[in-house]
Amino acid sequence: MRLVAERIKKRIQSLPQDGDPQENIEALIGQIVPLDEDRLAESQIWIAFSTFALTEPELRPLSREIHDSLRDVFRNILEALAQSQLLKPGLDTELEAKRFHALVDGLLVHGVIASEVVLAEEIAGIVARHLDSLLVP
């Protein structure tokens, strides 16, 4: 699981941070969700590990660490958008970070469990639409 987390982290760190903020965020989220065979395999490992950690107390700290680091990614995204005045006014950044995190977790699970129905293009489209709902036009 640490290897999967490190692979995702390296991909995210290698992404360019110039250009359109929405495209940058979509690219970042695209490194987490199952958009290709490698990311599908990583997603399967994450689900299996998270499930196993529920019954194995010694794995819970790592599971929590990974969960918390992902939560921080969403919190940082929303805070950066708010600071750049790209976030719609009046939104609670903490709540929106939790909502975005839950959405992406759900997309990941659906992309693993029903990959023949929930296609990569749909996952990417849902992320883009969600971002549209958060950003000023």
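Here the structure is shown first, and the text comes after it.
Residues numbered from 1 in each chain as written. Predicted model: local features only at pLDDT ≥ 70, side-chain atom pairs only at ≥ 80, totals over all residues. Heavy atoms only, no water.

Peer 1: Would you mind going over the nonpolar core in detail, with residue names and values included?
Peer 2: Ranked by size, the top nonpolar core spans 30 residues in total, and within it Ile-29, Ile-32 and Phe-100 carry the most contacts. Contributions of two or more residues to this core are made by helix H1 (2-13), helix H2 (21-30), helix H4 (60-83), helix H5 (93-113) and helix H6 (120-134). Looking at this core element by element, the count peaks at seven residues for H4. (Core = buried A, V, L, I, M, F, W, Y, C linked by side-chain atoms within 4.5 Å. Buried < 20%, exposed > 50% of the residue type's maximum accessible area, 1.4 Å probe, protein only. Helix = DSSP H or I, 4+ residues; strand = E, 2+ residues; numbered from the N terminus.)

Peer 1: Explain the pattern of salt bridges to me, using residue names and the numbers behind them.
Peer 2: For the structure on display, the rule yields ten salt bridges. Its salt-bridge partner being Glu-42, residue Arg-11 comes within 2.8 Å of it at the nearest N-O pair. Residue Arg-11 is located in helix H1, and its partner Glu-42 is located in helix H3 (residues 37-53); the two are separated by 31 residues in the primary sequence. Owing to a relative accessible area of 4%, Glu-42 belongs among the buried residues under this scheme. Between Asp-72 and Arg-71 there is a salt bridge whose closest N-O contact spans 3.5 Å. In the salt-bridge network here, residues are joined through shared partners; they are Arg-64, Asp-68, Arg-71, Asp-72, Arg-75 and Glu-94. (Salt bridge = Lys/Arg side-chain N within 4 Å of Asp/Glu carboxyl O.)

Peer 1: Help me get a handle on the side chain of Glu-42, residues and values and all.
Peer 2: Only 2.8 Å separates the side chain of Glu-42 from the side chain of Arg-11, close enough to count as a polar contact. Ignoring any residue separated from it by four or fewer positions in sequence, one finds Glu-42 in contact with Val-4, Arg-7, Ile-8, Arg-11 and Gln-31. (Polar contact = N/O pair within 3.5 Å; in protein donor to acceptor, adjacent residues only side chain to side chain. Contact = heavy atoms within 4.5 Å.)

Peer 1: Which residues make up the packing of H2 against H4, and what values go with them?
Peer 2: Packing of H2 against H4 leaves a shortest axis separation of 12 Å and a crossing angle of 180 degrees. Between H2 and H4, the angle falls in the class roughly antiparallel. The residues of H4 that touch H2, namely those facing Ile-25, Leu-28 and Ile-29, are Val-73, Phe-74, Ile-77 and Leu-81. Residue composition of the contact of H2 with H4, by class: seven nonpolar, no polar and no charged. (Axes fitted to C-alpha atoms, helices over the stretch in contact; angles between N-to-C directions. Parallel < 35°, antiparallel > 145°, perpendicular 65-115°, else oblique. Nonpolar A, V, L, I, M, F, W, Y, C, P; charged D, E, K, R; others polar.)

Peer 1: Lay out unusual backbone geometry with the relevant residues and their values.
Peer 2: Backbone geometry places Gln-85, a non-glycine residue, at a positive phi of 60 degrees. Here Gln-85 shows up in the loop between H4 and H5.

Peer 1: Quick one: what's the story with the packing of H5 against H6, residue by residue and with numbers?
Peer 2: The contact between H5 and H6 brings their axes to 11 Å, and the two run at 170 degrees. Comparing their axes, H6 and H5 come out roughly antiparallel. Two secondary-structure elements touch here, H5 through Glu-96, Arg-99, Phe-100, Leu-103, Leu-107 and Gly-111 and H6 through Ile-123, Ile-126, Val-127, His-130, Leu-131, Ser-133 and Leu-134. Broken down by class, the residue content of the contact of H5 with H6 amounts to eight nonpolar, three polar and two charged.

Peer 1: Which residues make up the layout of surface pockets, and what values do they have?
Peer 2: Within this model, the largest pocket holds a volume of roughly 540 Å³. What lines the largest pocket is a set of 25 residues, among which Ala-5, Ile-8, Ile-66, Ser-69 and Leu-70 lie closest to the centre. Those elements that provide at least two residues to the lining of the largest pocket are H1, H3, H4 and H5. When grouped by side-chain class, the residues that make up the lining of the largest pocket number 13 nonpolar, six polar and six charged. (1 Å grid on protein atoms, 1.4 Å probe; cavity = no way out; pocket = protein on both sides within 12 Å on 5 of 7 lines; lining within 4 Å. Points joined across faces, edges and corners; volume = space filled by probe spheres on them.)

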